[in-house]
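Remarks on the overall topology
Each chain is listed here by its residues.
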Amino acid sequence: MDRRDVLSGAAALAGSLALPGLARSQAATEVSFFYPVAVGGPITKLIDTYAADFEKENPAIKLKPIYAGTYQETIVKALTAHKSGTPPVTSVLLSTDMFTLIDEDAIVPFDSFVKTEDDKKWLASFFPAFMENSQTGGKTWGIPFQRSTVVLYWNKELFKEAGLDPEKPPTSWAEQLEFAQKLTKKDASGNVTQWGIQIPSSGFPYWLFQGLSTQAGAILANAAGNTTNYADPAVVEALQYWVDLAQKHKVHPPGIVEWGTTPKDFFEKKVAMMWTTTGNLTNVRSNAKFPFGVAMLPAGKRRGSPTGGGNFYLSKKATPAQQEAAFKFIRWITTPERAAQWGIDTGYVAVSPAAYETAAMKTYAAGFPPALVARDQLPHAVAELSTHENQRVTKALNDGLQAALTGTKTPQKALEDAQAEAERILKPYR
Amino acid sequence: MNSRATATVHGWLLLLPAMACLALFTHWPAVASLIESFYSTAKARRPARFVGLDNYEQLLADPIFWKAMSNNLWFALGTIPTSIALALLMAVWVNDKIVGRTWVRMAFFTPTILPMIAVANIWLFFFTPQYGLLEQIVGLFGGRSTNWLGSQDTALAAITVVAIWKEAGFFMIFYLAALQALPPSLGEAAAIEGASRWTYFRRIQFPLLMPTTLFVLINAVINAFRMVDHIFVMTRGGPDNATTLLLFYIYQVGFSFWDTAYAATLTCVLLALLALVAFVQYGILERRTHYR
Amino acid sequence: MSAAPQPVVTAARSDPYAPKGLALTLESTGAILLALLWVLPLAYAVWAAIHPAEYTTRFVLTAPLTLDNFTRAWAAAPFARYFLNTFILVTMILAFQLVLGTLAAYALARQDFWGRDIAFALILAQLMIMPDALIVENYRTLARLDLIDTIPAIALPYIASAFGIFLLRQTFKTVPKELDDAARVEGASPLQVLMKVYVPLAKPTYVAYGLVSVSYHWNNFLWPLLVTNSVESRPLTVGLQVFSSSDQGIDWAVICAATLMTSAPLLIGFLLFQRQFVQSFMRAGIK
C-alpha cells in the first residue's frame, strides 16, 4: 500500500509539476465524482467497491471517486472546480444546492438522458418526498442517492428509570415536553446531570428547526425558491417551543447544542432523547451500550420532518460521452438492490419504495426494526429548505435561530430579522 | 557612476525572481481587490458591471461585517498583550535555571508545532458541556456548568484562549534568544548599583528587548487577523456570528456565498486595517526602540 | 535590530539576578504548572488515542490500552498520500524561499543601486499584507493559470517571503566587508562572493528560518483548503479536517490518533533537536 502510494505520489508530482493539463486526459471515458462522507469511516471503501463493481460491468468507463469532506466542503469544491474549468463529471451534493447550481450554470437536467421506458419507470420510482428537492421548472436536476430525515432517538433504560414506558416514544409536542421533564435529572448543587432532550443547533440549525416548523404547519420557502416564510406565526410558534424547552422548562441544554457531540452526549447518558439524522443509525447502534429506540418526530399540529442528504448532479461542463457514462453509473447505483444495500450499510434511507421490498432489506428490517422508521416518516416529510443563494438565505435563518436560542433576541424578532434579510437577498430573483 | 549603473542592473536582476512573485501574489492581488470592489459579482447570466461605491454601502449597512470587526478587535485585544506578556514570562522563567527547564521549554513550544485544525478538535472536547475536561475540572471545584462555545458571552473568549495558547510559546523562543544574548556585564553592573530584580528588568532588560518586542508585536498583530483555523472546527462562526472574524467572513462570502465582489470589498477593509497597523508600528513604535 | 556579537559563552560568571532558594522553588513551581497546563491538549490527545472510544471522556487509569484507533485512522483516509504531499509542499516552498530570499537579500544588503529603498519597502509590505488576506484574488490568479488543485498552487503565494528576505538581509549586513573585498580581489563575481562568503556565514539564519518555514507550512490550513480539491494535492491539515468533519459526530479517539500521526514528524523532530532549534534562533540574531 505504501509503496504504491509513493510511486503514484511521485508520478502525480511529476504530473502536477510539469503538465497539469495533461494528467486529465484519458483513454476510456473517465467519470470523476465528488462525494461527501457524512457518515465516516468505511464509506470510502464502500464507494470504491461500488466503483470497481461498476467498472467490471462497464469496462469502457473509468470511475474516479473523490472523497471531498462534508456537504458544505463538497459544494465549495465542486463550485471552485467548476469555476476554474475542470469540475468532476458528477457529484453528490446536497439536494438543496439545486438552485445554486442552476444559477451558476453548473448542471444539466437528467431529462434528456431518460430515453427508454425503463428509464422513465426508474425516474418515477423514487420516493416523492425526495423528488421535491430534485425537481424544479418541470425538469429533474438531481437524482436521490443518500437521503435522510430527522428522527428521535430515545434511551429506553433512562425511560424505565424515569417511570416511563420504555417502548413508547413521545408522539406529540406536549408528550415530548412531559417526558423530557420526567427525564431531566439534577445533582445536589443544581447542575443538570441528565437532560431530557436535545436538538442540535450548531452549524445548520435550520434543518432540525424545519422539523418543528413543519410540525407547526408552516412551510419555510416556496417551490420556486424565491420567497421565504420565516416570520409566519406558525414558524414563530415552533421556535418559541424550542426556546421554551431550554429557557422556560429547562429540559434542554441552554445555548447552542453542538451537532458533532450530540451522539456522544447520548452515549454518555447525558441526554435521554435526541433529534438527529437517520444517518446516525449505524453509529448509534454500534456505540450505544443500552437499549434504544428510534421514532418519528412527535407531531405538533401534524407530523413532519425535512428530508436531507445528497443527490447526484450532472456537470454541464463534462462532455456528452462523460455525461452518458455518469448517467449509466447513477442508474446502476440507484437500482433497488444497491439502494437497499447502501441504506443498510450507511443508515441512510433507501431512496425508492422498491428498495424496501428487496430480500436484503426485508431481512435487515426484521432484525432491526428501527431501520424502517425513517421510511415510515416519509409520507409526512417535506422538502428541505432550498432557495436561490441558498447558503446566504439559510444563514440568515441560522443566525436568527441561534440568536433566539442564546437569548439575545426573542423568537419573533429573530425570525422577523431573518425574513427581512432573506427578502433582501431573494428580491432580484422574482 | 558606471559601477552604480552596473550595480543597479545586478541589483535588480538579483531581486527579479522575488519581486516578480511578490508582484503577482501580493501587490497585484491587493490592487485587484480594490478594483474589484467597485464592480458587482459576475454571475453565470449577468456579467460584472461597475457599481461604484455600492459594495461599500452594503458593507457599512451589513451588521455581520460590524460584528466581525468588533469580534476581531476584541480578539486582537485579547490575544496580543496576553500572548506577548506570557511569552516574556515564559522566556524569563526558562532562562533562569529552574527545575525541569528543558522539559518546560518543550512544553511551552509544542502548541506551535501542532496544526491548529487538529488541536481545535481537542479544545472542542475541553469546552464540551457536561463531560468536557473543563466541565470536569469546574465540577471538581463545585462550579456551575457553562456552555462555553454555545453561548454568545463566552464563545469569543474561548477561541481567544485557544489562540493565546497556540502562539505564546512561539514568541517565547524569540525572547529567549534575545535574553540569552544580553551581555552578563549588564546584570553585574545593575547588581552593583543595588537595583532590584524588577528594576533591572524594567529599566534595562525590557528596553533592550524592544526590538524583539516590536518583532513579536508585528507577528501577534498579523496572527490576530490570520488565525481562523480553529473557528472552522469549534464554532463555524456562531453562535449568531459571535465568533466570526474578518478573515472567516471573507472566506464565507467569497467561497460559500460566491459573492466575490463583496469579498473583495471586505478584503480591502482588511488590507486597510493591516496597513494602518503597520504604519502605527513602524512610525510610532520604531522611534521608541533602542538599538545597539 | 542588531546582530548577536558571538555565540554566548557558557557563563562561568553567575547572573546576580538568577533566583535561588525559595525564589527558585517558587518560580520552578509556577513554570511547571504553566507547562503542565500548556501540554494538556497534547496529553489528552495521547490519552484518547491509546484508549478505546468509551474512555475518551472518562479518565480511568486502569483503562485498557489499544492501538486500534491508529489503525482505524490510517485506514480511513489516505494519510500516506497526505504525508507525501505535505513533505513535497514544505520542501518546495523552503527551497524556493531560500533561493529567492538569498538573491534578494544579497542585493538589498550589499549592492548600492537606484531604487533599492523602494524595492525594500515594497518587499516589507508583504510582512503585513500576508497571502492569507488575499485568498480571493490569489485564487482567481491561480485559476487563470489553470493550477488549481496542484501542489505548486499551494506553494506559489508563499515562495517570496518578506520575512526571509528581511532576516537574510540583516545577517548579510553583518558579514565583515573585508571578507567581501578579499573575495573580490581574488576575482570572484558577485554571485560567487555570495555563495562562497555570505551563504556559509548565514547558516544559523538559514536553519532558524527553515525551521520556522517548515512548521508554518506543515500546519497551514485555509489556503490549502481552498486551492486543493482532491487527494493528490491535499496536504495533511486539509486531509485531517476532511477526515474529522463527519456528520455522524466526533469520534475523538480516532481524531486524536490521526492528529498524533500527522504531527508526529514535527514533534519528534523538535524533541530531538530543540536545543539546536533555540540555539539557531540565538545565533541568527533574531531579536
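Residues numbered from 1 in each chain as written. Chains lettered and ligands numbered in written order. Predicted model: local features only at pLDDT ≥ 70, side-chain atom pairs only at ≥ 80, totals over all residues. Heavy atoms only, no water.

Moving on: the overall build of chain B. Each helix and strand counted, chain B has 13 helices and zero strands in total. Ordered by position from N to C terminus, the α and β elements of chain B give α-α-α-α-α-α-α-α-α-α-α-α-α. Summarising its shape, the C-alpha atoms of chain B cover approximately 80 × 75 × 30 Å along the three principal directions. Scored against the burial criterion, the 292 residues of chain B give a buried share of 62%. Here the analysis covers contacts within chain B between residues at least 6 apart in sequence; of these, 69% occur between residues at least 24 apart. Within the structure as shown, chain B displays about 11,500 Å² of accessible surface, and the carbon and sulfur contribution to it stands at 69%. (Helix = DSSP H or I, 4+ residues; strand = E, 2+ residues; numbered from the N terminus. Buried < 20%, exposed > 50% of the residue type's maximum accessible area, 1.4 Å probe, protein only. Contact = heavy atoms within 4.5 Å. Areas by Shrake-Rupley, 256 points an atom, 1.4 Å probe, with all protein chains shown as cover.)

Regarding its fold elements, chain C presents 13 helices and zero strands. For chain C, buried positions account for 61% of its 287 residues. Carbon and sulfur atoms make up 69% of the accessible area of chain C, which amounts to about 11,400 Å² in all. The average position of the 19 basic charges and that of the 17 acidic charges among the side chains of chain C differ by 8 Å. (Lys, Arg positive; Asp, Glu negative; His and termini not counted. Charge placed at Lys NZ, Arg CZ, Asp CG, Glu CD.)

Now for unusual backbone geometry. All names here are of chain B. In this structure, P239 follows G238 across a cis peptide bond, with omega equal to -10°. Positionally, P239 belongs in the loop between helix 11 (229-234) and helix 12 (246-256). A positive phi angle, close to 60°, is found at W258, a residue other than glycine.

What follows deals with the packing of helix 9 (residues 205-215) of chain A against helix 10 (residues 233-247) of chain A. All names here are of chain A. At a closest axis distance of 9 Å, the pairing of helix 9 and helix 10 adopts a crossing angle of 110°. Classed by the angle they form, the pair helix 9 and helix 10 counts as roughly perpendicular. Residues P205, F209, L212 and S213 of helix 9 form the contact with helix 10, whose own contacting residues are V235, A238, L239, Y241 and W242. Residues belonging to the contact of helix 9 with helix 10 are distributed by class as follows: eight nonpolar, one polar and no charged. (Axes fitted to C-alpha atoms, helices over the stretch in contact; angles between N-to-C directions. Parallel < 35°, antiparallel > 145°, perpendicular 65-115°, else oblique. Nonpolar A, V, L, I, M, F, W, Y, C, P; charged D, E, K, R; others polar.)

Counting residues at the interface gives 30 residues for chain B, matched by 33 residues for chain A. Area buried by chain B at its contact with chain A is led by Q130, Y131 and W258 of chain B, which between them contribute 27% of it. Note that R392 of chain A is salt-bridged to D259 of chain B, the shortest N-O span being 2.8 Å. Applying the counting criterion to the chain B and chain A interface returns 12 residue pairs in polar contact (both at pLDDT 80 or more). Considering each element in turn, the side of chain B that touches chain A owes the most residues, five residues, to helix 12 of chain B. (Buried area = accessible area lost by both parts, 1.4 Å probe. Salt bridge = Lys/Arg side-chain N within 4 Å of Asp/Glu carboxyl O. Polar contact = N/O pair within 3.5 Å; in protein donor to acceptor, adjacent residues only side chain to side chain.)

The next point concerns the interface of chain C and chain B. Counting residues at the interface gives 95 residues for chain C, matched by 107 residues for chain B. On the chain C side of the contact with chain B, Y17, W38 and M128 of chain C bury the most area, a combined 10% of that side's loss. Between chain C and chain B we count three salt bridges in total. Note that R197 of chain B is salt-bridged to E27 of chain C, the shortest N-O span being 3.2 Å. Taken together, the connections running from chain C to chain B amount to 15 residue pairs in polar contact (both at pLDDT 80 or more). In terms of residue count, helix 1 (residues 21-50) of chain C provides more of the side of chain C that touches chain B than any other element does, 17 residues in total. Residues of the side of chain C that touches chain B, tallied by class, amount to 70 nonpolar, 17 polar and eight charged.

Let's shift gears to helix 12 of chain B. Residue and element names in this part refer to chain B. In terms of burial, helix 12 is largely enclosed, as 11 of its 11 residues are buried. Where helix 12 is concerned, the buried positions are L246, L247, F248, Y249, I250, Y251, Q252, V253, G254, F255 and S256. Positive backbone phi, approximately 60°, marks W258, located one or two places after helix 12.

Our focus in this paragraph is the packing of aromatic side chains. According to the stated counting rule, one finds 64 aromatic pairs over all chains in the structure shown. Residues F312 of chain A and F329 of chain A carry aromatic rings whose centres are separated by 6.1 Å and whose planes lie at 85° to one another, so their mutual orientation is edge-to-face. With F312 of chain A in strand 12 (residues 305-315) and F329 of chain A in helix 13 (residues 320-333), the pair connects residues that are 17 residues apart, well separated along the chain. Here F312 of chain A matches F329 of chain A in class, with each residue buried. With a centroid separation of 6.2 Å and an interplanar angle of 70°, the aromatic rings of W12 of chain B and F113 of chain C are classed as edge-to-face. Here the residue W12 of chain B occupies a position in helix 1 (residues 2-36), and F113 of chain C occupies one in the loop between helix 3 (79-110) and helix 4 (116-128), the pair thus bridging two chains. You can call F113 of chain C buried: its relative accessible area is 2%. One aromatic cluster is present, built from ring pairs that chain together W123, F125, F126, F127, W148 and W165 of chain B together with Y44, W47, F59 and W252 of chain C. The ring centre of F368 of chain A lies 3.9 Å from the NZ or CZ of R285 of chain A, which sits over that ring. Sitting above the plane of the Y356 of chain A ring, R375 of chain A keeps its charged end 5.0 Å from the centroid. (Phe/Tyr/Trp six-rings, centres within 6.5 Å; stacked < 30°, edge-to-face > 60°. Lys NZ or Arg CZ within 6 Å of the ring centre and 35° of its normal.)

Time to look at a nonpolar patch on the surface. A cluster of nonpolar side chains, namely L24, W28, V31, I35, Y39 and F50 of chain B together with L145 of chain C, defines an oily patch on the protein surface of about 650 Å² accessible area. Inspection of the secondary structure assignment puts L24 of chain B in helix 1. What makes L24 of chain B partly exposed here is its relative accessible area of 36%. (Patch = residues over 30% accessible without salt bridge, like charges linked within 9 Å, V, L, I, M, F, W, Y side chains within 5 Å.)

The subject of this paragraph is the pairing of strand 3 (residues 90-94) of chain A. Residues and elements named next belong to chain A. In terms of burial, strand 3 is a largely internal element, five of the five residues being buried. Of the strand pairs in this sheet, strand 1 (residues 29-35) and strand 3 are connected by two bridges, and their pairing is parallel. Bridge assignment links F33 to a residue of strand 3, and that residue is T90. Bridge count between strand 3 and strand 12: five bridges; the pairing is antiparallel. By the bridge assignment for strand 12, L94 is matched with G310. (Pairing = 2+ DSSP bridges.)

Right, let's talk about the environment of M361 of chain A for a bit. Residues and elements named next belong to chain A. If you trace the backbone, M361 turns up in helix 16 (residues 359-367). Under the relative-accessibility criterion, M361 is labelled buried at 3%. Distance in space between the C-alpha atoms of M361 and R303 is 25 Å, their sequence separation being 58 residues.

Model confidence for chain B is summarised by a mean pLDDT of 88, while 96% of its residues fall at 70 or above. The element-level mean pLDDT for chain B is lowest in helix 8 (residues 184-193) of chain B, coming to 85, with helix 3 (residues 63-95) of chain B highest at 95. (pLDDT = per-residue confidence, 0-100.)

Per the counting criterion, the structure on display carries 29 salt bridges over all chains. With its nearest N and O atoms 2.7 Å apart, the salt bridge here joins R331 of chain A to D119 of chain A. You can see R331 of chain A sitting in helix 13 and its partner D119 of chain A sitting in helix 5 (residues 117-123), a full 212 residues away along the chain. The two residues R331 of chain A and D119 of chain A agree in class, both being buried. Salt-bridge contacts for D132 of chain C lead to R226 of chain B; the nearest nitrogen and oxygen are separated by 3.9 Å. Of this pair, D132 of chain C sits in the loop between helix 4 and helix 5 (135-144) while R226 of chain B is found in helix 10 (residues 210-226), placing the two residues in two different chains. Grouping residues by exposure puts D132 of chain C and R226 of chain B together as buried. A single network of salt bridges, built from pairs that share partners, joins K264 and E268 of chain A together with R58 of chain C.

With that settled, the discussion passes to the environment of A195 of chain B. Examined against the element boundaries, A195 of chain B turns out to sit in the loop between helix 8 and helix 9 (197-208). When residues no more than four places from it in sequence are discounted, the contact partners of A195 of chain B are A190 of chain B together with Y17 of chain C.

Looking now at the side chain of T276 of chain A. Residue and element names in this part refer to chain A. Among the secondary structure elements, T276 is positioned in strand 10 (residues 271-277). Classification of T276 by relative accessible area gives buried; the value is 1%. In this structure the side chain of T276 is engaged in a polar contact, spanning 3.1 Å, whose partner is the side chain of N280. Once you skip the residues sitting within four places of it in the chain, T276 turns out to touch T149, V150, V151, Y153 and W259.

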